[in-house]
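An overview of the molecular structure
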Amino acid sequence: MAVRATVSRFPIDSDAQEACGIPWGLTVTPFAAKDENGQAPVYGSDGHLLPRCENCYAYFNTYCELDQWAWNCSLCGTLNGLSSEAIARYSRPQSCAEMMSSFVDLEFPLEGSQEEILHARPVYVAAVDLSSSEEFLELTKSALQAALEALAPESLFGLATFSHKLGLYDVQGPIPVVKNVFIPQDAEGTLPIELEDVMPLLQFLAPVDTCKDRITSALETLRPTTSWERTPPGTGQELDGVLMGGRGFGMAMEALCNYLGSEYGNTFALARVFAFLSGPPDHGPGQLDTRRYGEQYASKGEDADRALLPEQTPFYKDLAAVAVQAGVCVDIFAVTNEYTDLASLKFLSIESGGSLFLYSNTDDSTLPQDMYRMLSRPYAFNCVLRLRTSTEFKPGHSYGHFFPDPQYENVQHIICCDSYATYAYDFEFANNVGFSRHSSEQPMVQIAFQYTVVVPPDELPGSELLSSSRGKHSIKRRLRIRTLQYGTARDLNELYDSVDPEVVLSLLVHKVILASLEEGVREGRMLLHDWLVILTSQYNEAFNLIQYKNGSSSITGQLDVTFSQCPQLQPLPRLVFALLRNPLLRFHEEGVHPDYRIYVQCLFSALEPSSLHRAIYPVLTSYSTPDKQAYPRHSLSRAALITSGSPIFFLDAYTTLIVFYSSTADPSLPFPPPHDCLLRSTINKLKQERCITPKLIFIRGGQDDASVFENYLIEEQDVNGTGLTSVMGFVSFLEDITQSVLEYMK
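Residues numbered from 1 in each chain as written. Predicted model: local features only at pLDDT ≥ 70, side-chain atom pairs only at ≥ 80, totals over all residues. Heavy atoms only, no water.

**Focus on the overall build of the protein chain**
- Each helix and strand counted, the protein chain has 24 helices and 31 strands in total.
- In the protein chain, which comprises 746 residues, the share counted as buried stands at 55%.
- Summarising the internal contacts of the protein chain: among those between residues at least 6 apart in sequence, 75% fall at separations of at least 24.
- Accessible area of the protein chain: about 31,400 Å², with a carbon and sulfur share of 49%. (Helix = DSSP H or I, 4+ residues; strand = E, 2+ residues; numbered from the N terminus. Buried < 20%, exposed > 50% of the residue type's maximum accessible area, 1.4 Å probe, protein only. Contact = heavy atoms within 4.5 Å. Areas by Shrake-Rupley, 256 points an atom, 1.4 Å probe, with all protein chains shown as cover.)

**Topic: helix α19 (residues 594-604)**
- Counting buried residues along α19, 10 of its 11 residues qualify, which places the element largely inside the surrounding structure.
- Taken residue by residue, α19 has P594, D595, R597, I598, Y599, V600, Q601, C602, L603 and F604 as its buried positions.

**What to know about the confidence of the model for the protein chain**
- Across the protein chain, the average pLDDT comes to 85, with 87% of residues at or above 70.
- In this model, residues 232-244 is a region of pLDDT below 50 whose contacts with residues beyond four sequence positions or in other chains number 10 contacts.
- The low-confidence segment residues 296-301, where pLDDT is below 50, has six contacts with residues more than four positions distant or belonging to other chains. (pLDDT = per-residue confidence, 0-100.)

**Some points on the sheet that holds strand β20 (residues 411-418)**
- A sheet is described by the order of its strands in space; here seven strands give the open sequence β4-β8-β23-β22-β17-β20-β19, paired in mixed fashion. The open sheet has two free edges, formed respectively by β4 (42-44) and β19 (403-404), since each of these has just one partner strand.
- As paired strands, strand β22 (residues 444-455) and strand β23 (residues 474-485) are joined by 12 bridges and run antiparallel to one another. Counted as the bridge partner of Q446 is T483 from β23. (Pairing = 2+ DSSP bridges.)

**What about the environment of Y623?**
- Its location among the elements puts Y623 in strand β27 (residues 619-625).
- What makes Y623 buried here is its relative accessible area of 2%.
- A sequence separation of 55 residues divides Y623 from L678, and the C-alpha atoms of the two residues are 9.7 Å apart.
- Excluding its chain neighbours within four sequence positions, the residues that come into contact with Y623 are K628, Q629, A630, S646, P647, I648, F650, L678, L679 and T682.

**Looking at the sheet that holds strand β18 (residues 393-399)**
- Spatial strand order, β1-β3-β21-β18: four strands in an open sheet with antiparallel pairing. Strands at the two margins of the open sheet, each flanked by one partner only, are β1 (2-5) and β18. Direction aside, the axes of adjacent strands within the sheet are offset by 25 degrees on average.
- Two strands pair when backbone bridges link them, and strand β3 (residues 25-29) and strand β21 (residues 423-429) are joined in this way by four bridges, in the antiparallel orientation. Considered in β21, the bridge of T27 is made with A424. (Axes fitted to C-alpha atoms, helices over the stretch in contact; angles between N-to-C directions.)

**Focus: the state of the cysteines**
- Taken as a whole and assessed by the stated rule, the structure comprises zero disulfides.
- The structure places no disulfide on C73, whose sulfur is separated from the nearest cysteine sulfur, that of C56, by 3.7 Å.
- The class of C73 is buried, set by a relative accessible area of 5%. (Disulfide = S-S within 2.5 Å.)

**Some details on the packing of helix α5 (residues 134-150) against helix α8 (residues 208-220)**
- Interhelical geometry of α5 versus α8 gives an angle of 175 degrees and a closest axis separation of 11 Å. It follows that α5 is roughly antiparallel to α8 by the angle criterion. Mapping the contact onto sequence places K141, L144, Q145, L148 and E149 in α5 and V208, K212, I215, T216, L219 and E220 in α8.
- Here the contact of α5 with α8 is built from residues that sort into five nonpolar, two polar and four charged. (Parallel < 35°, antiparallel > 145°, perpendicular 65-115°, else oblique. Nonpolar A, V, L, I, M, F, W, Y, C, P; charged D, E, K, R; others polar.)

**Digging into the side chain of R247**
- Position of R247 among the secondary structure elements: in the loop between α8 and α9 (249-261).
- Judged by its relative accessible area of 7%, R247 falls in the buried class.
- For R247, the side chain forms a polar contact with the main-chain oxygen of S131, separated by 2.6 Å.
- For R247, the residues in contact, after removing those within four places along its chain, are D129, S131, F162, S163, L277, S278, G279, P280, P281, D282 and H283. (Polar contact = N/O pair within 3.5 Å; in protein donor to acceptor, adjacent residues only side chain to side chain.)

**Section: the packing of aromatic side chains**
- Using the criterion set out here, one finds 35 aromatic pairs in the structure.
- Ring centres 4.7 Å apart and planes at 35 degrees place the aromatic pair W24 and F429 in the tilted group. In this pair, W24 is assigned in the loop between α1 (14-20) and β3 and F429 in strand β21, connecting sequence segments 405 residues apart. For the pair W24 and F429, one class covers both residues: buried.
- With centroids separated by 6.3 Å and ring planes inclined at 25 degrees, the aromatic side chains of F730 and F733 adopt a geometry described as stacked. Here F730 and its partner F733 are both found in helix α24 (residues 729-745), three residues apart, which amounts to about one turn of the helix.
- Three or more aromatic residues joined by ring pairs make a cluster, and in this case those are F10, W24, F393, F427, F429, F435 and Y486.
- Directly above the aromatic system of Y379 lies the positively charged group of R272, at a separation of 4.8 Å from the ring centroid.
- The side chain of R482 reaches across the aromatic face of F103, ending 5.3 Å from its centre. (Phe/Tyr/Trp six-rings, centres within 6.5 Å; stacked < 30°, edge-to-face > 60°. Lys NZ or Arg CZ within 6 Å of the ring centre and 35° of its normal.)

**Concerning the pattern of salt bridges**
- For the structure on display, the rule yields 22 salt bridges.
- With a closest N to O distance of 3.0 Å, R89 and E98 form a salt bridge.
- Given the relative accessible area of 1%, E98 is considered buried.
- Two residues, R490 and E494, come together in a salt bridge whose shortest N-O distance is 2.6 Å. (Salt bridge = Lys/Arg side-chain N within 4 Å of Asp/Glu carboxyl O.)

**Considering unusual backbone geometry**
- Along the chain, F671 connects to P672 via a cis peptide bond; the corresponding omega equals -10 degrees.
- Locating P672 in the fold gives a position in the loop between β30 (656-661) and α22 (678-689).
- One non-glycine residue with positive phi stands out, namely Y57, at about 70 degrees.
- Positive phi, close to 50 degrees, is recorded for N382, a residue that is not glycine.

In structure tokens form, the structure reads like this:
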């Protein structure tokens, strides 16, 4: 569990928080194997016996004062009695994890019989769009072949298809059999028959270890639905068949969630549905009107940046609640360049703990690699995340891909959570008093993460390997707790020195996404621009860099917009500038596709801070040869390339990796770089660490089209806070900030 705060020393009170201009909050990556310093948790047992405060329900931890019979809660100060069992337990402090570390991972007893616990099987269902092309289906087959290689042998796998009908495959017999049920065309329609009556669930879900070849055979039978197939013969509509809709995605997803939900907790503890989509749902319940994107905006005078961001129907948000209830996580893989309205569809994936992937074409799609990568890494499911604080402050907003608990505040449900998934919180003071300046009681944060994992047989203790269950995975419920103590800053200088700019960027990204969704992209841009103006003003006042002349509004002194006296703040102007250039906040008329913007929103709002930093302001490194690094970091400008004199540049933009050989590079340097060189091993290491497969591009300056690389050199491109273009890129942006600060301070 990695936790990073925007400031390692908290503001002393609300006045200090207001005066500093820095967002106050933290990011948490709950299923990360280690903390932000590389430390693993201390593992232990009997999580259900861990004492809890009777006032605030916080868990006992190493910061609590303990005497023979009682303990003081480190968060709220309440004195709690100890049970005789706990007294005996804590008389041997080295025997229990919670006495040894403030970061613990404890086993929790599972409800249910031993038989159920040992035989729970992970379930995966592929739902494939047949209202598609041959190329789309070939790519999907490759992705599902990759998935079958990554799945644990005793997983259960089901293959479903959707178009104007929903198909269920039985692959357990000698030849694959598909049974279809027609999806009503009407948006208010329902399926004529329950899926359980079409095919019993355990007939549909096939064991991967014994049926892999048959699943592969079934995949080979997939064919696109042609237009004539969509018109039932004898209806008098044969000629209209080409015009009829045929992608009943909404109904298919709803039916599958209900189908799987009937066995939730019995046959399986988690089901993942992989939905492969080649265009917008246009048939039956959940169909979307994609005419809202296009030329008609010009005639209506609507702000496209505002109108295309909210969902057009609550159908998929409501369906996400059904999926969460059924223990189903939905991953959406959209392979399309037509408008699909991901703004409406995204809720089904992000609120059920799934991912949203977008590929603009089938030619260079990394879908099979992403599929394999996603299923090969460990993940937790049926998770509950809870953040508690000491009494002086409290969580404000929470951000991330979760489902908020309808009953309890600051409790989030996450159906599926991998080691990359990151969530963010911002804080506010609970009252006007703030933290005590003289007290030894420091601000405390406790994060509790209860989750379930499927444990392979080789990780089970020998006593648990009953002869009947040998070779079976089993389910473990665990409770991971991290308790952190923070200092307080005596003044603004100390607070500014404790800033973590990457976490500040994370909180800003969440806030501007929220503002964009509610008010439009223009509002998101203005919020970001104004934030930097206010921060710069407050910093200049805090460091007494400017004075007001004789009580008038004219200012003397040199305004510092680069934060030259505070290294921790120095990256922020560049990060804000880069964020304004990002597709997240570019205008519709600049050519940003609304689906791509939604995809970027979903990706960025789940990334941990260092990854997000690369995605927004890429890392540019230079090499003198493929085996020797020259400079570890350059600014993103042509001037940096020219002055460095290096022949080879490597740019890491998180989703894209580019190796660029300058046009003046020595022709004897091998191109592309050989597989056994330092540059290649750096690239391979970065690819291994990513949650998605980055595209790798090699460019030879002077010979290849270098525009894809040059587009990342944003410091010489036009931008300012209003969205109007200016001439000098980053330098001009700083001049604009200077003018805005002077206006603000008058």
